[in-house]
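Structural overview
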Amino acid sequence: MAPMGIRLSPLGVAVFCLLGLGVLYHLYSGFLAGRFSLFGLGGEPAGGAAGPPAAADGGTVDLREMLAVSVLAAVRGGDEVRRVRESNVLHEKSKGKTREGADDKMTSGDVLSNRKMFYLLKTAFPSVQINTEEHVDAADQEVILWDHKIPEDILKEVTTPKEVPAESVTVWIDPLDATQEYTEDLRKYVTTMVCVAVNGKPVLGVIHKPFSEYTAWAMVDGGSNVKARSSYNEKTPRIVVSRSHSGMVKQVALQTFGNQTTIIPAGGAGYKVLALLDVPDKSQEKADLYIHVTYIKKWDICAGNAILKALGGHMTTLSGEEISYTGSDGIEGGLLASIRMNHQALVRKLPDLEKTGHK
C-alpha cells in the first residue's frame, strides 16, 4: 500500500504559527527584562551596605549631574527624616553595639531616607558603586526618576560638564547622621549626606540639615554654595568633638593648647564639619577644629571631607594621612579636620590623641 500524504489545514498552519510567535515573545521578553534591570528599572539585589559593583564597561558619568542628583537625594531623604520625627513614631531598634559599647540605633527615619536616597541615585547612575549605612532591601526597591534638571546655583558655579569613568566612582550615603540625637529629639545635629569619590578621593559632598532645610554642597575644582569663615583661632581653638567621648579629647587638648581651649560636645559628623564653616543657620555652633579619636565610618565623613577639600581645608587621620574612600567602610586612625590653618603643624601638636582613643 502506498504511504498516505500529510495534509495541513489552514487552521492548523495558523495555530502552529501562533505557537511559534508565543515562544519568540517569551524569549524576547526575558531579554528585555534583563536589559531593563541593568538600567535600574528591574529587580536589583542590593543587600547589605553596598550596592552591586560598577560594571567595568559602564562608560562615563558627569560629576555636575551627580552633584545635582546628590543634592536632590539628600533633600528627599531629609524629608523622610523630618516626617518620621514629627510623627513621633520612630520604630527605634538597635542594630547591635558600637565599639564603645553604645547601642547602634536605627529608626524608620533611617530606613525610609535610605530607600529614597539610594534608589534615586541608583536609577540615575546605574553603573556606579553605592555604599550606604543601612541595608537596602530588594523587596522595597523603587524607581525614583530624576528630571535631568540641574539647579541654577550649581550651573552658576560648575559651568561645564565634568566627565569621569563610571568605574572610578564610589558614592557614600549617610541617610541619617546622628541617629542617637535624633531619638533624643536633638534635631539640630541631624543631617543627611552624600559624597562622591573618584579613585578613592572625595570630590563632591552634600550635607543637608532636614529641620532647618539648609544644604551645603561643594565640588573639588568646581565650586560651592558654602565658604570658610573669615578667621580661626589657632592658638586657643574651639574644638568640636563627639558627645560620647568629649572628656578624653578635652584632657589632651588642654595640655596642648592651654586652659583657654573650649571643647564643644556635639552629635553627628556632618554637623561638626559645618561648625568649621560660615553657615547661615542660627542653630549651628562655631568651632575652629574638629577632632575625633575613635573608629569612624566613611559614610559619616566623606561628604565633609569633600567640602573641606573643595574650600582649601583638610581632613586626615590624627597622624596626618589622607583618607581613601575605597575598600573598607571605616577608618581606625581617628581624624583631624581644619581649614585656613597649618594642618600639619596641628598634627604634630597632637601626637597622643590616637593612643588616647584606643585606650
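Conventions used here
Residues numbered from 1 in each chain as written. Predicted model: local features only at pLDDT ≥ 70, side-chain atom pairs only at ≥ 80, totals over all residues. Heavy atoms only, no water. Helix = DSSP H or I, 4+ residues; strand = E, 2+ residues; numbered from the N terminus. Buried < 20%, exposed > 50% of the residue type's maximum accessible area, 1.4 Å probe, protein only. Areas by Shrake-Rupley, 256 points an atom, 1.4 Å probe, with all protein chains shown as cover. Disulfide = S-S within 2.5 Å. Expected span 1.5 Å × (residues − 1). Arc of directions from axis to C-beta. Pairing = 2+ DSSP bridges. Axes fitted to C-alpha atoms, helices over the stretch in contact; angles between N-to-C directions. Contact = heavy atoms within 4.5 Å. UniProt positions renumbered as here; feature names shortened; annotations may be inferred. Polar contact = N/O pair within 3.5 Å; in protein donor to acceptor, adjacent residues only side chain to side chain. Phe/Tyr/Trp six-rings, centres within 6.5 Å; stacked < 30°, edge-to-face > 60°.

Considerations on the overall build of the chain
Scanning the chain from N- to C-terminus turns up ten helices and 19 strands. Within the chain, buried positions represent 50% of all 359 residues. A total of about 17200 Å² of accessible surface is found on the chain, and carbon and sulfur atoms cover 55% of it.

Some thoughts on the state of the cysteines
Following the criterion strictly, the structure yields one disulfide and no others. Residue Cys195 pairs covalently with Cys302 via a disulfide, S to S 2.0 Å. Judged by the sign of its S-S torsion, about -45°, the bond between Cys195 and Cys302 is left-handed. One end of the pair, Cys195, is in strand β7 (residues 191–198); the other, Cys302, is in helix α8 (residues 298–310), and 107 residues separate them in sequence. The class of Cys195 is buried, set by a relative accessible area of 1%.

Considerations on helix α6 (residues 246–257)
Its twelve residues give α6 an end-to-end C-alpha distance of 16 Å, which sits within 8% of 16 Å, the value for a rise of 1.5 Å per residue. Listed as buried for α6 are Ser246, Val249, Val252, Ala253 and Phe257. For α6, the angular spread of buried residues about the axis comes to 140°, placing them on one side. Facing away from the buried side of α6 by more than 90 degrees, the exposed set consists of Gln251 and Gln255. Looking one or two residues past α6, Gly258 carries a phi angle of roughly 100°, positive in sign.

Description of the sheet that holds strand β13 (residues 262–266)
One open sheet holds the five strands; their spatial order is β13-β12-β15-β19-β17, and the pairing between them is mixed. Because the sheet does not close on itself, it has two edges, and the strands there are β13 and β17 (314–316). Averaged over all pairs of adjacent strands, the angle between strand axes in this sheet comes to 20°, irrespective of strand direction. The sheet contact formed by β17 and strand β19 (residues 335–338) spans three bridges and is antiparallel. Looking across to β19, one finds that Thr316 is bridged to Leu336. In the packing of α6 onto the sheet, contacts are made with β12 (238–242), β13 and β15 (289–292), and the angle to β12 comes to roughly 155°. In the packing of α8 onto the sheet, contacts are made with β17 and β19, and the angle to β17 comes to roughly 140°.

Brief notes about the UniProt feature "binding site: Mg(2+)" (unreviewed entry) in the chain
With numbering matched to this structure, UniProt assigns "binding site: Mg(2+)" (unreviewed entry) to Glu133, Asp174, Leu176, Asp177 and Asp300. Spanning 168 residues, the named residues nonetheless gather at one spot, since no C-alpha pair among them exceeds 9.5 Å. Within the secondary structure layout, Leu176 lies in strand β6 (residues 169–177). For Leu176, a relative accessible area of 1% translates into the label buried. Excluding anything up to four places from it in sequence, Leu176 contacts Val81, Thr107, Gly109, Asp110, Glu133, Tyr182, Val190 and Thr191. Counting through the fold element by element, Asp300 comes out in helix α8.

What about helix α2 (residues 63–87)?
If you check α2, its first and last C-alpha atoms are 36 Å apart, about what 25 residues at 1.5 Å a residue would give, namely 36 Å. Here α2 starts with a cap whose side-chain oxygen sits 3.0 Å from the backbone nitrogen of Arg64, and that cap is Asp62. Within two residues after α2, Asn88 carries a phi angle of roughly 65°, on the positive side.

Notes on the packing of aromatic side chains
Taken as a whole and assessed by the stated rule, the structure comprises four aromatic pairs. Plain terms: the ring middles of Phe118 and Tyr119 are 5.1 Å apart, the flat faces sit at 90° to each other, and that makes the pair edge-to-face. There is no split in this pair, since Phe118 and Tyr119 are both buried. Among the aromatic residues, those joined into a ring-pair cluster are Trp172, Trp299 and Tyr325.

Looking at the pairing of strand β8 (residues 201–209)
Counting buried residues in β8 gives eight out of nine residues, a clear majority hidden from the surface. Sheet analysis places β7 next to β8, joined by seven bridges and oriented antiparallel. Looking at β8, one finds that Val196 is bridged to Leu204. Between β7 and β8, which follow one another and run antiparallel, lie two residues, and Asn199 among them has a positive phi close to 55°. Of the strand pairs in this sheet, β8 and strand β9 (residues 214–219) are connected by six bridges, and their pairing is antiparallel. Residue pairing across strands places Leu204 opposite Met219, the latter belonging to β9. Hairpin remark: β8 followed by β9, antiparallel, with four residues in the connecting loop; positive phi at Glu213, about 60°.

Quick look at the pairing of β9
Counting buried positions along β9 gives six out of six residues, so the element sits mostly inside the fold. Of the two faces of β9, the one lined by Tyr214, Ala216 and Ala218 and the one lined by Thr215, Trp217 and Met219 are each fully buried.

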